[in-house]
Amino acid sequence: MLAGADELRSQVARLGRELSGAYPDGVLLVAVLKGALWFLADLVRSVSVPCAVDFLAISSYAEGTGRVRIVKDLDCDISGRDVVLVEDIVDTGLTLAYLLGEMERRGPRSLAVCTLLDKAARRIVPARLDFVGLRIADEFALGYGLDFAERYRNLDHIVAGDLSRLQQDPDAHVKELFPG
Ligand code: 5GP
């Protein structure tokens, strides 16, 4: 187990307090779909200042290259606003670097990053992470929004999956993790 449900609850509550302290006048949280949705939903309920949300969805051109494109853009204009990009996990940092470049071009007043998980061991490009839930080792995380082939997102905790087994069979962990 990488993070139990209680641990996630307390880290999310801490992040909510940190965001509330950093943005007393309110903040716009921009979540990256789909993985960050579960985290965002709990995070907003821990934020005690005015808080708006918006969503971006991205898709990789090719797995592992970090080359992504926006397939669903924001609904709102972020220029002049205090924006926090909310990520489920920062791994190589390539996705984040692309998204920060995209957001920066739009002229927010400030732009920060809040990630639930930081897998620093695999970083390729430096990432400035302003708010971090948990630092994890180089494991393939599943649950609380994190998927493999759209499975496992609905776990209330985070486990380490066996990537080589999952690549053979995406349902490899289903029986043990969803005993029914
Ligand atoms: P990056 O390598 O660009 O930092 O991360 C790209 C994306 O890969 C993340 O947003 C996430 O969707 C996916 N990813 C990276 N590490 C993991 C992991 O351990 N588990 C899962 N389920 N997805 C991951």
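Going by the structure above, here's the rest.
Thresholds applied
Residues numbered from 1 in each chain as written. Predicted model: local features only at pLDDT ≥ 70, side-chain atom pairs only at ≥ 80, totals over all residues. Heavy atoms only, no water. Helix = DSSP H or I, 4+ residues; strand = E, 2+ residues; numbered from the N terminus. Rg over C-alpha atoms; globule rule 2.2 N^0.38 Å. Buried < 20%, exposed > 50% of the residue type's maximum accessible area, 1.4 Å probe, protein only. Contact = heavy atoms within 4.5 Å. Areas by Shrake-Rupley, 256 points an atom, 1.4 Å probe, with all protein chains shown as cover. Pairing = 2+ DSSP bridges. Axes fitted to C-alpha atoms, helices over the stretch in contact; angles between N-to-C directions. Near = heavy atom within 4 Å. Polar contact = N/O pair within 3.5 Å; in protein donor to acceptor, adjacent residues only side chain to side chain. Nonpolar A, V, L, I, M, F, W, Y, C, P; charged D, E, K, R; others polar.

### As for the overall build of the protein
- Along the protein, the regular secondary structure elements total five helices and eight strands.
- Taken from the N to the C terminus, the helices and strands of the protein come in the order α-β-α-β-β-β-α-β-β-β-β-α-α.
- In terms of overall dimensions, the protein is globule-like: its C-alpha atoms have a radius of gyration of 16 Å, near the 16 Å expected for 180 residues.
- A principal-axis box enclosing the C-alpha atoms of the protein has dimensions of 45 × 35 × 30 Å.
- The buried share of the protein, taken over its 180 residues, is 44%.
- Contacts in the protein between residues far apart in sequence, at least 24 positions, make up 59% of those at least 6 positions apart.
- Only carbon and sulfur atoms are counted for the fraction: they give 49% of the accessible area of the protein, which is about 9000 Å².

### A closer look at the environment of L37
- Following the sequence through the fold, L37 ends up in helix α2 (residues 37-44).
- Here the alpha-carbon distance between L37 and V49, two residues 12 residues apart in the chain, equals 20 Å.

### What about the pairing of strand β6 (residues 131-135)?
- β6 sits mainly inside the fold: four of its five residues count as buried.
- As defined by bridge partners, strand β5 (residues 110-118) adjoins β6 across four bridges and the pair is classed as parallel. Looking at β6, one finds that C114 is bridged to F131.

### Details of the sheet that holds strand β1 (residues 27-33)
- Taking strand neighbours across the sheet as the criterion, the six strands line up as β3-β2-β1-β4-β5-β6 in an open arrangement whose pairing is mixed. Each of the sheet's edge strands pairs with one partner strand only, and the pair in question is β3 (68-72) and β6. Each adjacent strand pair in this sheet contributes to an overall mean axis angle of 30 degrees, direction not counted.
- When β1 meets strand β2 (residues 51-60), the two strands line up parallel, connected through seven bridges. Note that in β2 the partner of V27 across the bridge is C51.
- Here helix α1 (residues 5-22) sits on the sheet in contact with β1, β4 (82-90), β5 and β6, set at roughly 160 degrees to β6.
- Helix α3 (residues 94-104) contacts β1, β2, β3, β4 and β5 of the sheet and is inclined by roughly 165 degrees relative to β4.

### A look at the site of the ligand
- Around the ligand sit 15 residues in total, of which D91, T92, T95, A141 and D147 are the nearest.
- One nitrogen or oxygen atom from the side chain of T92 is found 2.6 Å from an oxygen atom belonging to the ligand.
- Side-chain polar atom of T95 to an oxygen atom of the ligand: 2.5 Å apart, as the coordinates give it.
- Relative to its unbound accessible area of 500 Å², the ligand is 79% covered by the protein chains.
- Put simply, the parts of the chain that give the shell around the ligand at least two residues each are β4, α3 and β7 (140-142).
- With four residues, β4 is the largest single contributor of residues to the shell around the ligand.
- Looking at the shell around the ligand residue by residue, the class counts come to six nonpolar, three polar and six charged.

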